[in-house]
2 protein chains.
Amino acid sequence: MDKKLLGIDLGGTTVKFAILTESGEIQQKWSIETNILDDGSHIVPDIIDSINHHLSLYNMTPEQFIGIGMGTPGSVDIEAGTVIGAYNLNWTTLQQVKKEIEAGTKIKFTIDNDANVAALGERWMGAGENEPDVVFMTLGTGVGGGIVMNGELLHGVAGCAGEIGHVTVDPNGFECTCGKRGCLETVASATGVVRVARQLAEEYAGGSILKARLDNGEDITSKDVFELAEKENDDLALMVVDKVTFYLGLACGNLGNTLNPSTIVIGGGVSAAGEFLRSRIETYFKEFTFPQVRESTKIKLAELGNEAGVIGAASLAK
Amino acid sequence: MDKKLLGIDLGGTTVKFAILTESGEIQQKWSIETNILDDGSHIVPDIIDSINHHLSLYNMTPEQFIGIGMGTPGSVDIEAGTVIGAYNLNWTTLQQVKKEIEAGTKIKFTIDNDANVAALGERWMGAGENEPDVVFMTLGTGVGGGIVMNGELLHGVAGCAGEIGHVTVDPNGFECTCGKRGCLETVASATGVVRVARQLAEEYAGGSILKARLDNGEDITSKDVFELAEKENDDLALMVVDKVTFYLGLACGNLGNTLNPSTIVIGGGVSAAGEFLRSRIETYFKEFTFPQVRESTKIKLAELGNEAGVIGAASLAK
């Protein structure tokens, strides 16, 4: 029998598991709740128990696996296999994840951060079409990313490569939680889109459902903004989408000018706005790239959704 | 005897050669004029003759070489070892450089573009300190660059990775020869610095030697601007340097935020302005980077000068 890969996507509410073939086909998947009580001390033991339980359920042995790969929040030491500062897991002190999981499962273990792992997933089995040079950008609560070049993840000297959310798109822009100004995240994350909407609403005078809702003090989401723009042709919402996609196109343009990947993949919750979002990012991307990049680097939507994590994690083990 | 590397830096006026040890020490160097007559058809034969002549002069045989590496202007097909569109060499049609040089010297041959090769040189034996992740930026007639990550040059899907000169630093900026607006090259190349000086001079009213010279219709160079700023404390010149280093710091900042290299190396003619330039770029770099990058990515001046090309070219052959 061919050997298998085991991918784990560790998140703040669930831990997702999948057993994959070497060619990336998911054969089994399951998930458990993430128990973040007691400083997150149950998480690794729960993962070990769940793996061993499912291996016995499927009549499989550790020898049948090439390895386990895992994506995690927080700051990862890839060599040591440790994690620190994953606040949504209550992991504030150094966690010996690799050591414990290898001891508990007898399977070789590799770990990287969740955005990098999702990038590997989309590159391998998703929109990246397994090309050697693929950039992944995730627009969610924050903006994150991962960069694969020459077929390998980039980490940089302190593990910050791919932190696309903190690219400066407006030197005079909003303050970011990172301490500097004008980060892509301040305008293109889910909260960023709403921030841009509030800013533009202040100086907007015409008729707009979005303006009325904001003035009424209603809670507005990024999804509302995109829906009002696409379905209601709301003037203010369209202005917000234009401004957000301008910044995304500028950031993607400079990623293109710098790295010339075959594809920049857009994922995360905000990307649910789909082709309406993608086509507008692409228009600005073309404005901000020089001809050879404009013609060779594509802007695509992510294709794997929630499964990017486990698939990319599994590929770490290859 | 240990095997040697042969590096070639092909330019529009001279071809530089060097024989290096595997550890990067230059043992012999020489150069010849570049004969660009007859559509550049003498260039490759001249290179072959010069190599064979010097090998016999030094009593060396092809077997003593690991390989030859070469940096060239124009558009390079690395796999095929061909070059096209090197206009300063009069190479407008496809040149079979690898095939001809391997046949003429009996030594394995590798080729890449000149900015990438200079990046390899500075990374290996210069300011990059042989770290795995180093970005090189050259400020000359144009602005070029090369990116080494995980110890390997990045090329991208169409060979445009590292084209740092066309990063957009001002969406409303000057038009660039590439067809888009606000490229770093339009403000930070030698001509870009002068362009910024002319722009700021138009709205400048106070006393300034630079202003007086520009108003007199004198030819001003980038070197003049930096000298007036550093030595004469010229008010307008200082404003120009501030604006140029703002854009350079923004571009370096976003390279840092995206790639987190250990070092961004600044070379090329404009970098002769030295620490006066570097420290100002660094100040803006720190403004435009998030804390972990600010603390881990350094801004340094190039150290190898003209030799970056032959040294980097030689390293291609390793």
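Nothing here was measured: the structure is a model prediction, and the numbers come from that model.

Let's talk about the pairing of strand β4 (residues 65-72) of chain B
Residues and elements named next belong to chain B.
- Counting buried positions over the 8 residues of β4 gives 7, a clear majority of the element.
- Here 6 bridges tie strand β1 (residues 4-10) to β4, and the two strands are oriented parallel to one another. Across the sheet, residue Ile8 finds its bridge partner in β4, namely Met70.
- Here 5 bridges tie β4 to strand β7 (residues 109-113), and the two strands are oriented parallel to one another.

Structural notes on the packing of aromatic side chains
- Taken as a whole and assessed by the stated rule, the structure comprises 12 aromatic pairs over all chains.
- Centroid distance Phe246(A) to Phe288(A): 5.5 Å. Interplanar angle 85 degrees. Geometry classified as edge-to-face. Here the residue Phe246(A) occupies a position in helix α9 (residues 235-259), and Phe288(A) occupies one in the loop between α10 (274-287) and α11 (291-296), the gap between them amounting to 42 residues.
- What makes Phe288(A) buried here is its relative accessible area of 1%.
- Members of the aromatic cluster, connected to one another through ring pairs, are Phe246(A), Tyr247(A), Tyr284(A) and Phe288(A).
- Between Arg195(B) and the ring centre of Phe174(B), over which it is positioned, the NZ or CZ distance is 5.7 Å.

A word on the domain arrangement of chain A
All names here are of chain A.
- By domain assignment, chain A separates into domain 1 (4-120 + 307-316) and domain 2 (130-302).
- Domain 1 and domain 2 are separated by 29 Å when their C-alpha centres are compared.
- When the buried area of domain 1 at its contact with domain 2 is split by residue, Ala115, Asn116 and Ala119 rank highest and sum to 58% of it.
- Counting the contacts that link domain 1 with domain 2 gives 0 salt bridges.
- If you look at where domain 1 meets domain 2, you find 1 residue pair in polar contact (both at pLDDT 80 or more).
- Here the element with the most residues in the side of domain 1 that touches domain 2 is helix α4 (residues 114-125); it accounts for 5 residues.
- Classifying every residue of the side of domain 1 that touches domain 2 gives 5 nonpolar, 1 polar and 1 charged.

Points about the sheet that holds strand β4 (residues 65-72) of chain A
Residues and elements named next belong to chain A.
- On the basis of which strands lie adjacent, the open sheet formed by 5 strands has the order β3-β2-β1-β4-β7 and mixed pairing. Whereas interior strands pair on both sides, the edge strands pair on one side only; in this sheet they are β3 (26-33) and β7 (109-113). For this sheet the average axis-to-axis angle between neighbouring strands, irrespective of direction, equals 15 degrees.
- Where helix α2 (residues 43-57) meets the sheet, it contacts β1 (4-10), β2 (14-21), β3 and β4, and its direction lies at approximately 140 degrees from that of β3.

Some details on the packing of helix α6 (residues 190-202) of chain A against helix α8 (residues 222-231) of chain A
All names here are of chain A.
- Where α6 meets α8, the axes come as close as 8 Å, and the angle between the chain directions of the two elements is 60 degrees. Looking at the two axes, α6 sits oblique to α8. Each of Ala190, Val193, Val194 and Ala197 in α6 lies in contact with α8, whose residues at this interface are Ser222, Val225 and Phe226.

Definitions and cut-offs
Residues numbered from 1 in each chain as written. Chains lettered and ligands numbered in written order. Predicted model: local features only at pLDDT ≥ 70, side-chain atom pairs only at ≥ 80, totals over all residues. Heavy atoms only, no water. Buried < 20%, exposed > 50% of the residue type's maximum accessible area, 1.4 Å probe, protein only. Helix = DSSP H or I, 4+ residues; strand = E, 2+ residues; numbered from the N terminus. Pairing = 2+ DSSP bridges. Phe/Tyr/Trp six-rings, centres within 6.5 Å; stacked < 30°, edge-to-face > 60°. Lys NZ or Arg CZ within 6 Å of the ring centre and 35° of its normal. Domains from an automatic or database assignment. Buried area = accessible area lost by both parts, 1.4 Å probe. Salt bridge = Lys/Arg side-chain N within 4 Å of Asp/Glu carboxyl O. Polar contact = N/O pair within 3.5 Å; in protein donor to acceptor, adjacent residues only side chain to side chain. Nonpolar A, V, L, I, M, F, W, Y, C, P; charged D, E, K, R; others polar. Axes fitted to C-alpha atoms, helices over the stretch in contact; angles between N-to-C directions. Contact = heavy atoms within 4.5 Å. Parallel < 35°, antiparallel > 145°, perpendicular 65-115°, else oblique.

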